[in-house]
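# Tertiary structure, described
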Amino acid sequence: MKDFALGAFDLNNQLANDCIVLGDFPVCRLLLMNDSQYPWFILVPRVAGAEELYQLDEEIQQQVLRESSFFAEVLSVLFGAEKMNVAAIGNMVRQLHIHHVVRYSHDIAWPAPVWGKFPAIPYSEEQRSEVLAKITEALSGDFPFQMAV
């Protein structure tokens, strides 16, 4: 079995089309799913060719877990989540990516999964600015994060 290491990678076209790039943690690129119905973010390890978490070098696996856990907690507090859905499904997009969806019992898809349940409603410029400001402030602490330019 080959371990995949951090390096140059290309973001899958579907993710690039559906999401807004927010920036980078040490290993993962942070995306905002452009669907204003849910606070929905995606972490994509910047590892070329990786489709599964077990394919990553052990050190990178651990860092992905740290970034995912840290970010899930940030989102839960920031958005007052009733439940955090964190999953790496990959049936439609094979590139390794981890969804972080803030869920509420009053959201449109509850209690079902959000994937493909309803057509996406893109963020307005104002909504997107609000989310970006919240995330920027929340990630300005000690955990390394570089906002996209």
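### Describing the pairing of strand β5 (residues 98-103)
- Across the six residues that make up β5, a large majority, six, are buried.
- The alternating pattern of β5 places I98, H100 and V102 and H99, V101 and R103 on opposite faces, both of which are buried.
- Direction of pairing for strand β3 (residues 40-45) relative to β5: antiparallel, over a ladder of four bridges. Each residue of the ladder has a partner; that of I42, found in β5, is H99.
- Sheet topology places strand β4 (residues 83-87) next to β5; five bridges connect them, and they run antiparallel. Of the residues in β5, the one forming a bridge with M84 is V102.

### Some remarks on the sheet that holds β5
- Judged by pairing direction, the sheet is antiparallel, and its six strands sit side by side in the order β4-β5-β3-β2-β1-β6 without closing on themselves. Two strands in the sheet have a free side with no partner beyond their single neighbour: β4 and β6 (146-147).
- Sitting on the sheet, helix α2 (residues 58-79) touches β2 (28-33), β3, β4 and β5, and the angle it makes with β5 is about 20 degrees.
- Sheet contacts for helix α3 (residues 125-138): β1 (19-24), β2, β3 and β6; angle to β1, the most-contacted strand, approximately 20 degrees.

### Details of the nonpolar core
- Counting 31 residues, the largest nonpolar core has L30, F41, L56, F71, L75, I135 and L139 as its most contacted members.
- Counting residues per element, the ones that place at least two in this core are β1, β2, β3, α2, β5 and α3.
- In terms of residue count, α2 provides more of this core than any other element does, seven residues in total.
- Residues within four places of L139 in sequence aside, it is in contact with F25, L30, F70, F71, V74 and F145.
- L15, C19, V44 and A109 belong to the second largest nonpolar core, which has 14 residues in total.

### Digging into the environment of D18
- Its place among the elements puts D18 in helix α1 (residues 13-18).
- The spatial distance from the C-alpha of D18 to the C-alpha of N34 is 5.9 Å, given a sequence separation of 16 residues.
- Non-local contacts of D18, meaning those with residues more than four positions away in its chain, are made with L32, M33 and N34.

### Regarding the packing of α2 against α3
- Contact geometry of α2 with α3 gives a least axis separation of 11 Å together with a crossing angle of 125 degrees. When the axes of α2 and α3 are compared, the pair comes out oblique. Here the hand of the crossing between α2 and α3 comes out right-handed. Here α2 contributes F71, V74, L75, L78 and F79 to the contact with α3, which in turn contributes K134, I135 and A138.

Calculation rules
Sequence positions are assigned chain by chain, starting from 1 and proceeding in written order. Given that the model is predicted, a residue must reach a pLDDT of at least 70 before its local features are reported, and side-chain atom pairs must reach 80 or more before they are shown or counted; all residues, however, enter totals for whole chains, interfaces and linings. Each side-chain value is worked out from all heavy atoms of the structure, with water and hydrogens disregarded. Buried residues are those whose accessible area, probed at 1.4 Å on protein chains only, stays under 20% of the maximum for their type, while exposed residues exceed 50% and partly exposed ones sit between those limits. Put simply, DSSP H or I for four residues or longer makes a helix, DSSP E for two residues or longer makes a strand, and each gets a number counted from the N terminus. In this description, strands pair whenever DSSP reports at least two bridges between them. In what follows, a contact means two residues having at least one pair of non-hydrogen atoms within 4.5 Å. Working convention: axes come from line fits to C-alpha atoms, limited for helices to the stretch in contact. Angles between N-to-C directions cover 0 to 180 degrees. Put simply, a nonpolar core is a bunch of buried Ala, Val, Leu, Ile, Met, Phe, Trp, Tyr and Cys residues held in one set by side-chain atoms that sit within 4.5 Å of each other. When describing relative orientation, an angle under 35 degrees is termed roughly parallel and one over 145 degrees roughly antiparallel, while 65 to 115 degrees is termed roughly perpendicular and anything else oblique. Crossing chirality is assigned from the near helix's rotation relative to the far helix, an anticlockwise turn below a right angle marking it left-handed and a clockwise turn marking it right-handed.

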